Amino acid sequence: MQGLFDKLNSFQRRAVETNEKYVALRASVGSGKTTVIVYRVLYLHLIKKVPLNKIMVVTFTNKAAEELKERLKNNIDEDVKYIGTFHSIANRILRENIDLNRFGYTKEFKIISYEEASEIINDIVKEGRLNIKYKSKIQKRIEEFKNGNLLYANMKKEDDIKILYEEYRRVKKEKNLMDYEDLIVNCYDFLDEDLGIEYIIIDEFQDTDYMQLKLIEKIAGKRAGIFVVGDPNQTIYSFRTGTQNIFKDFIDKYNTTIFELPINYRSTRTITEAAAALIGEKIYCKREYGEPIRITSHYDAFNEANYILRRIKELKEKGVCLKDIAVLFRRQVQGELLYDVLGREVECEFIKGVEEQQDRIDRESVKLLTLHSSKGLEFRYVFIVGVNEGNIPISTKREIEEEELRLFFVGVTRAKEVLEISYIKSPSYFGFKGYKSQYISMLPKNLLLEQDSNSKYTLNEIYDMLRLEKEKKNAEKKVTHKKYGEGIVIYEDDNVLKVKFDSYGEKEFFKLFCQGEFI
DNA sequence: GAGTTTACGCTTTTT
DNA sequence: GCGTAAACTC
């Protein structure tokens, strides 16, 4: 059984086998953090003989929890009892360990989504005949109100936002509903039973908020050890959590032992050194130098998208698999344009939200993602587009800007083999400046290859160009079928071939089944 | 009430 | 620098 831990490096092994009660593991990008969490659980259970119902593992997404469960299955038959997101664990505790009747709820309470919450809020406004302004931003306004801020603070005559907020809370209880935040807050407020947990592991700790930590502290009591894992340099959700440096807070509060995973196994030395320059820290790298990082500039977002398409087609011709390519951007609107242009020639998917990632990430096709949703993923080829001042960083307000740099860092470190960065000179999106981001200037010059693209087409010209190219390509492609005779290819992708035959008309073939049929 | 002016927000989003 | 919706004017 000792051999089980032999493939860990010395940093990983020290963290896995620690006997310290409070531990913070600072895991650098691509350093095998998930491996450490898996082996930490194995160590606790198989070596220290801790029962699985005394271990709790908290993850950032359901997907991450599934991956952990899957990897643990290789060595343990049963599941860890508490393994999942803060929300899924809170949900379980609320239903299993709390007498909800005391608090006006029952065990059958329903969890409401953002959309369902929206419906309830609109009903309250309608039925209560409340005076609410800026209705299209109603949920955002409630959110701000809850945090003690106001959206549209200078109204001439205030509306009923306060009444609406209070009614919303009352109605949720009356109808036995909880929204995502209620799961955490109510679990914290209602819990008075000791769950008997001895070891708690929290993944992606940098994106944990104070309420979630308070809940964990309540579950842990004085007995349980808390082992937090994450990378402060990848804190990109503090706009949501409101926590600036929760790692530091945790370390200051407890007698914490700090471990590090400083070795990057993921990216080429070129990419790793570029990333390290952004955060001003040394990252050790197991790999050799690779291709230089190409920096290109373009006239506008259309020409940039057109360039990316051309590069992707080149890669495809060289035999690169489309699923190994990702295009990353700061805002959703950028993705829409990219999807429009790239989608005409190559298979691509605009991935919005993690639920979709789960289903789609294995498929064949180029992935389009925001920098935020690229967190935790890796690709052999990565393009980051629109790296303009005013977009990355989107604002230069001091407290925001540090997070913007970390966001760029996250983007850069998604690339395993090849990284390209581009910016545009004549932008039309709000806030975009017509020059490159200061962050590009932070990358070491010796790792870069800078190029200026002078092409300046309108969107229609680009579309025409793509159409003509396609027609020309297909027009050239004449085929002869054993049965149907001569024809021309009118559509072709990886799986399907559509041919217009001179005598027979149009017919579609699956490539897999028609190999011997053409001469 | 229709017609015009002024104010504001604009980005990212796991559950 | 644009779209939305409130606030103002007659």
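Residues numbered from 1 in each chain as written. Chains lettered and ligands numbered in written order. Predicted model: local features only at pLDDT ≥ 70, side-chain atom pairs only at ≥ 80, totals over all residues.

Asks: Quick question: what am I supposed to make of the packing of helix 8 (residues 180-190) against helix 9 (residues 210-220) here?
Replies: Closest axis-to-axis distance for the helix 8/helix 9 pair is 10 Å, and the angle between their directions is 35°. Here helix 8 and helix 9 pass one another in a crossing that is left-handed. Side by side, helix 8 and helix 9 meet where I184, V185, C187 and Y188 of the first sit next to M211, Q212, K214, L215 and K218 of the second. Across the contact of helix 8 with helix 9, the residue classes break down as 6 nonpolar, 1 polar and 2 charged. (Axes fitted to C-alpha atoms, helices over the stretch in contact; angles between N-to-C directions. Helix = DSSP H or I, 4+ residues; strand = E, 2+ residues; numbered from the N terminus. Left-handed = near helix turned anticlockwise from the far one by under 90°. Contact = placed C-beta atoms within 7 Å. Nonpolar A, V, L, I, M, F, W, Y, C, P; charged D, E, K, R; others polar.)

Asks: Whenever I open this one, the environment of Y457 confuses me. Can you help?
Replies: Here Y457 lies in the loop between strand 17 (448-452) and helix 18 (459-476). C-alpha of Y457 to C-alpha of D300: the two residues are 157 residues apart in sequence and 8.9 Å apart in space.

Asks: Just to check I follow, could you spell out the nonpolar core for this structure?
Replies: I308, V327, L328, L342 and V382 are the most contacted members of the largest nonpolar core, which totals 55 residues. Considering each element in turn, this core owes the most residues, 7 residues, to helix 13 (residues 301-317). Discounting chain neighbours no more than four positions away, the residues touching V327 are I308, L338, V366, L368, F383 and V385. Among the nonpolar cores identified, the runner-up in size contains 53 residues, and V16, V36, I55 and Y199 belong to it. (Core = buried A, V, L, I, M, F, W, Y, C linked by C-beta atoms within 7 Å. Buried ≥ 20, exposed ≤ 12 C-beta atoms within 10 Å, placed from the backbone.)

Asks: Teacher, can you tell me more about the pairing of strand 3 (residues 82-85) here?
Replies: Moving residue by residue along a regular strand, the side chains alternate between the two faces of the sheet. In this structure, strand 2 (residues 55-59) lies alongside strand 3, joined through 4 bridges in parallel fashion. Following the sheet pairing, V58 is matched in strand 3 by G84. With respect to chirality, the unit in which strand 2 leads through helix 3 (residues 62-73) into the neighbouring parallel strand 3 is right-handed. (Pairing = 2+ DSSP bridges. Right-handed = clockwise from strand over helix to strand, strands pointing away.)

Asks: Would you mind showing me how to read the environment of G335 here?
Replies: Checked against the element boundaries, G335 lands in helix 14 (residues 332-342). Each C-alpha atom, one on G335 and one on F350, is 6.8 Å from the other, the two residues being 15 residues apart in sequence. Apart from residues no more than four positions distant in its own chain, G335 is found in contact with F329, F350, L368 and T370.

Asks: Looking at this structure, how should I read the protein's contact with DNA strand C?
Replies: All residues in the neighbourhood of DNA strand C are listed as K133, Y134, S136, M155, K156, K157 and F430. Its residues assigned to classes, the surface near DNA strand C shows 3 nonpolar, 1 polar and 3 charged. (Near = placed C-beta within 6 Å.)

Asks: Explain the sheet that holds strand 18 (residues 478-481) here, please?
Replies: Through backbone hydrogen bonds, the strands of a sheet pair up, either in parallel or in antiparallel fashion. The sheet built from 4 strands is open, its strands ordered 18-19-20-21 with antiparallel pairing. Both outer strands of the open sheet, strand 18 and strand 21 (505-510), are each paired with one neighbouring strand and no more. Across the sheet, the mean angle from the axis of one strand to that of its neighbour is 40°, orientation sign disregarded. Judged from the 4 bridges that link them, strand 18 and strand 19 (residues 485-492) form a sheet pairing that is antiparallel. Among the inter-strand pairings, K478 is bridged to a residue of strand 19, identified as I488.

Purely spatial values, then, with no claim about function.
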